[in-house]
Protein chains: 2
Amino acid sequence: MSDQVKYILSEADIPKFWYNINADSPLPPPPVLNPLTLEPITPEFLNVLFPMDLILQEVSTERYIEIPKEVRDIYRIWRPTPLLRARRLEIALDTPAHIYYKHEGTSPSGSHKPNTAIAQAFYNKASGVKAMTTETGAGQWGTALSIGCHYFDLDLEVYMVKVSYNQKPYRRVYMETFGASVFASPTDRTEFGRQVLAKDPDNPGSLGMAISEAVEVAANSGGKKKYGLGSVLNHVLLHQTVIGEESLKQMDMAGEYPDVVIGCVGGGSNFGGIALPFLRGNLTNGKKTRLIGVEPTASPSLTRGIYAFDYGDTAKMAPVVKMHTLGHDFIPAPIHAGGLRYHGMSPLLCNFYNAGYMEAIAVHQLGTFEAAIQFAQCEGIIPAPESAHAIRVVIDEALDAKEKGEKRVILFNLSGHGHFDMAAYDAYFSGKLQDYELPQEEIDRARVTLPKVSMPA
Amino acid sequence: MSDQVKYILSEADIPKFWYNINADSPLPPPPVLNPLTLEPITPEFLNVLFPMDLILQEVSTERYIEIPKEVRDIYRIWRPTPLLRARRLEIALDTPAHIYYKHEGTSPSGSHKPNTAIAQAFYNKASGVKAMTTETGAGQWGTALSIGCHYFDLDLEVYMVKVSYNQKPYRRVYMETFGASVFASPTDRTEFGRQVLAKDPDNPGSLGMAISEAVEVAANSGGKKKYGLGSVLNHVLLHQTVIGEESLKQMDMAGEYPDVVIGCVGGGSNFGGIALPFLRGNLTNGKKTRLIGVEPTASPSLTRGIYAFDYGDTAKMAPVVKMHTLGHDFIPAPIHAGGLRYHGMSPLLCNFYNAGYMEAIAVHQLGTFEAAIQFAQCEGIIPAPESAHAIRVVIDEALDAKEKGEKRVILFNLSGHGHFDMAAYDAYFSGKLQDYELPQEEIDRARVTLPKVSMPA
């Protein structure tokens, strides 16, 4: 083990392949259903929303999928990202644990999201699409896709949850800098948006509604516009595996292998990105790394959601997938980790979680900010509130290792920086934040809203 | 020349010495004067504000000054910073020029400022000081010193220009995250602040006033508190030479040597940091690199200021130095590059500029934002409005090289990212920004306010 704190790869180490866990998974993937018929979906139906290359990746069982040169050429701007050892945090905690973090906040948009945004923009451009549509909550995904679409000369419409649009004008400006058109959702640009506004002109919007608007615009564009999703789907997690592949090389440089890999989970893409290459080690190479997804108690889909088929969006236009869900019309409490406020979860991760291949922990908001500030003061980086969920559990694991007198090698994904989340830190320092525990009635109520699927669940 | 876009050094390449240009300079430095007597200042007087180690660095003629291990150990968190080649910008400009940039925005505070903040905090701690005071305009320097003081367990009082305090609450929160106390200047905490408020309770403050407050608090603390300045002084530029020393190694990795080195100038520290090691090459090694400092037309101290002795602050409490000045009571137009709104300039740089060893160019605000957006769209990094001044001239140089059909190797310092400046970008996109040309009467008026110094000017 060296004395370094930074483990830096060269451009030549940018992965040439994405890793597809489905090639090594012992678990059959549940089908994806058409939201109208609730029967298995056809590629033709999906092709209304996504280019065929991405649909093929969604269902591929090929182990390694080559990353196009054009995508790697843009990855070069910020990849490989650094792996750092949090020595000052280790000292502050007085723990025998070794804490490493992969710093995905070094990307152009400040998070891991461009790993898939660049790829999605590339495949859309290659298929002849002229424009993309998407939703964004906190703004990380919208920013990333703005950058992706700019590089491949595609127009982009971003449907941004209205409450965030008003609270975070700087994220909007960031997207506009890269040429995107940003609309406060619900808008009057879609049938669904108009329906919502007719009932409640002041509706603050939700991620589920914004997805519905972006999907509707793409579906009605006659093939000119397609839709991009920033998490949940297999191809998104596939693109994010560059994080874990680089981390494997960097842990090797450090002369260690993680006992635990930790990431926050909203739709599952940053956690999947770092964890799946280590799950490969567990599945095929006799490794026993624990994999922990961390979610908010306010939106606890893995730990408390129902494992069932559900719609991906509020308007029931997106595909129906089997996942841990809080119900497609779930409105989460106003926690500041906007990227974790989704009702569902990656079906791929849900399958592994259900079968015991990974763990999940739900944590409270105040504890995440406490952890974030301890990390920031030690490591000099203010984390995004989403990433702070992972840090909470990292610190708890390091303290557990101390109590048990164990050396434990912990790796986590610092999925993004918090430069656009300082209002959340301000609210925390001012004592304005609170913890939320989702009432059981809400979950019981969600059960009734699930689609009646005849497939074996 | 390689095909790479990133030139990355290892931790072992973090410089072990700061470079002191005074060892190689053919120009005698003008004296520094006591603001009360206008006679040459004594170390004892300076020691009220600064620890003796920094005063010795201020006047040292030693060529290389060793960086303490404790400082290098914190530099490791983000140093060495990357050097990147802006290939996409080159292509967009269709220029034969090669454009390289040193990315100092990768630091914990998002700019080059921690290079000296960490060092200043270390030397203050080592001298037995318990707390530091400082001013900040846009917030970059205050953030950096907050981090420095946190690491060396020093309290910090930041006097933040009131208009910025109100416009940029997130910078304040950033500083508070690292434990600093931040006050909107003018405050009622100082005699000077109370005088200002008595005349005008709504005074929006200025950098000169905030310096006066921070200096007053330190001077009246009986040695418990000392003052830290983020630019202008020799020891600050000395600490910043790590930028240029790393750049030299990285240009060597790229197999090139710059024909031109460019940086923005407010007090001169980021430009000095990158340029002085290349000036050494000009002075001692027969190199002929052009060195260009870029300033705003709204605050054009080098290009239009008077080269004379002047006070460093509004209240005439800071030392009197010979520099290009717009007058110590100058109130600049409200441009968004807050870090460039200082009335004076590093005396070291002024001496070189006056003797023809460097060039200076003043640029307009709208052109800097235009350049910033072109750079962001190509390179995926939104620059600080200050750094955008350098980028404006980089693009102009690259276009000039194209017109002349010359290969020209351009290196510039990307002194900081613009994540906390999105309001400025928003104003630009909304057409709310304007250009400012300083009226000649203002400069003529400044001449009358200069101290009557009997030293040869």
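The structure this text deals with has already been given above.
Heads up: these notes are all about the structure in this document. The shown structure was predicted, so the numbers you read here are calculated from the model rather than taken from an experiment.

Before going further, it helps to examine the sheet that holds strand 9 (residues 225-227) of chain B. One key point about sheets: their strands pair by backbone hydrogen bonds, in either a parallel or an antiparallel sense. Residues and elements named next belong to chain B. The four strands are arranged 8-7-6-9 in an open sheet whose pairing can be described as parallel. The strands lining the two open edges of the sheet, one partner per strand, are strand 8 (181-185) and strand 9. Taking the axes of each pair of neighbouring strands and ignoring which way they run, one obtains an average angle of 25° across the sheet. Packed on one face of the sheet, helix 10 (residues 207-219) meets strand 6 (131-136), strand 7 (155-161), strand 8 and strand 9 and runs near 170° to strand 6.

Moving on: the sheet that holds strand 11 (residues 290-296) of chain A. Residues and elements named next belong to chain A. Sheet architecture is open: seven strands sit in the order 1-4-5-15-10-11-14, paired in mixed fashion. In the strand order of this sheet, the two ends are held by strand 1 (6-7) and strand 14 (359-363), each with one partner. The pairing of strand 11 with strand 14 spans five bridges and is parallel. Considered in strand 14, the bridge of Pro296 is made with Val363. Sitting on the sheet, helix 16 (residues 385-403) is in contact with strand 5 (98-103), strand 10 (260-264), strand 11, strand 14 and strand 15 (409-414), with an inclination near 150° to strand 10.

Before going further, it helps to examine the packing of helix 5 (residues 114-126) of chain A against helix 6 (residues 140-151) of chain A. Residues and elements named next belong to chain A. Relative to each other, helix 5 and helix 6 sit at 40°, their axes nearing to 8 Å. The orientation of helix 5 with respect to helix 6, classified from their angle, is oblique. Handedness of the crossing formed by helix 5 with helix 6: right-handed. For the pair formed by helix 5 and helix 6, the contact residues are Pro114, Thr116, Ala117, Ile118, Gln120 and Ala121 on the first element and Trp141, Ala144, Leu145, Gly148, Cys149 and Tyr151 on the second.

All names here are of chain A. Together, Met52, Leu56 and Val59 line one region of the surface with nonpolar side chains, adding up to about 280 Å² of accessible area. Counting through the fold element by element, Met52 comes out in helix 2 (residues 52-59). Looking at Met52, the relative accessible area reads 33%, which means it is partly exposed.

Bringing the state of the cysteines into the picture now. Each disulfide consists of a covalent bond between the sulfur atoms of two cysteine residues. The final tally for this structure, using the stated rule, is zero disulfides over all chains. Free cysteine Cys264(B): the closest other cysteine sulfur is in Cys350(B), separated by 15 Å.

This brings us to the interface of chain A and chain B. Across the contact, 40 residues belong to chain A and 41 residues belong to chain B. Buried surface at the junction of chain A and chain B, both sides included, amounts to about 3,700 Å², of which 56% is carbon and sulfur. The closest approach of N and O atoms between Asp73(A) and Arg88(B), which form a salt bridge, is 3.5 Å. Taken together, chain A and chain B are joined by 23 residue pairs in polar contact (both at pLDDT 80 or more). Looking at the side of chain A that touches chain B, the elements with two or more residues in it are helix 3 (69-75), helix 6, helix 8 (169-177), helix 15 (365-379) and helix 17 (422-429) of chain A. Counting residues per element, the side of chain A that touches chain B draws most heavily on helix 8 of chain A, which supplies six residues. Per-class residue counts for the side of chain A that touches chain B are 22 nonpolar, seven polar and 11 charged.

Each value, and the rule that gives it
- Each chain carries its own residue numbering, running from 1 in the written order of its sequence.
- Just so you know, chain letters begin at A and ligand numbers begin at 1, following the order they were written in.
- The predicted nature of this model means local features are confined to residues of pLDDT at least 70 and side-chain atom pairs, given and counted, to a pLDDT of 80 or more, with totals for whole chains, interfaces and linings taken over all residues.
- Side-chain metrics rest on all non-hydrogen atoms present in the structure, leaving aside hydrogens and water.
- At least two bridges found by DSSP between two strands are what make those strands a pair.
- Where helices and strands are cited, they refer to DSSP runs of H or I of at least four residues and of E of at least two residues respectively, numbered from the N terminus.
- Lines fitted to the C-alpha atoms define the axes, with helices restricted to the stretch that makes contact. Angles between their N-to-C directions range from 0 to 180 degrees.
- Whether two residues touch is decided by their heavy atoms; if any such pair falls within 4.5 Å, the residues are in contact.
- Here roughly perpendicular refers to angles of 65 to 115 degrees, roughly parallel to angles under 35, roughly antiparallel to angles over 145, and oblique to all remaining angles.
- Note on convention: near helix rotated counterclockwise from far helix by under a right angle means a left-handed crossing. Clockwise means right-handed.
- Within this analysis, patches are made of residues with over 30% relative accessible area and no salt bridge. Like charges are joined at 9 Å or less; nonpolar side chains (Val, Leu, Ile, Met, Phe, Trp, Tyr) at 5 Å or less.
- Here, Shrake-Rupley sampling with a 1.4 Å probe gives the accessible areas, and only protein chains in the shown set may cover a residue.
- Counted as salt bridges are all cases of a side-chain nitrogen of Lys or Arg within 4 Å of a carboxyl oxygen of Asp or Glu.
- Exposed residues in this analysis have more than 50% of their type's maximum accessible area, buried residues have under 20%, and partly exposed residues fall in between, with area computed by a 1.4 Å probe over protein chains only.
- Throughout, a disulfide means two cysteine sulfur atoms within 2.5 Å of one another.
- Throughout, buried area stands for the accessible area (probe radius 1.4 Å) lost by two parts on being put together, summed over both.
- Polar contacts, as used here, are pairs of N or O atoms within 3.5 Å; protein pairs need one atom able to donate a hydrogen and one able to accept it. Residues neighboring in sequence count only if both atoms are side-chain atoms.
- In this classification, Asp, Glu, Lys and Arg are treated as charged, Ala, Val, Leu, Ile, Met, Phe, Trp, Tyr, Cys and Pro as nonpolar, and every other residue, Gly included, as polar.

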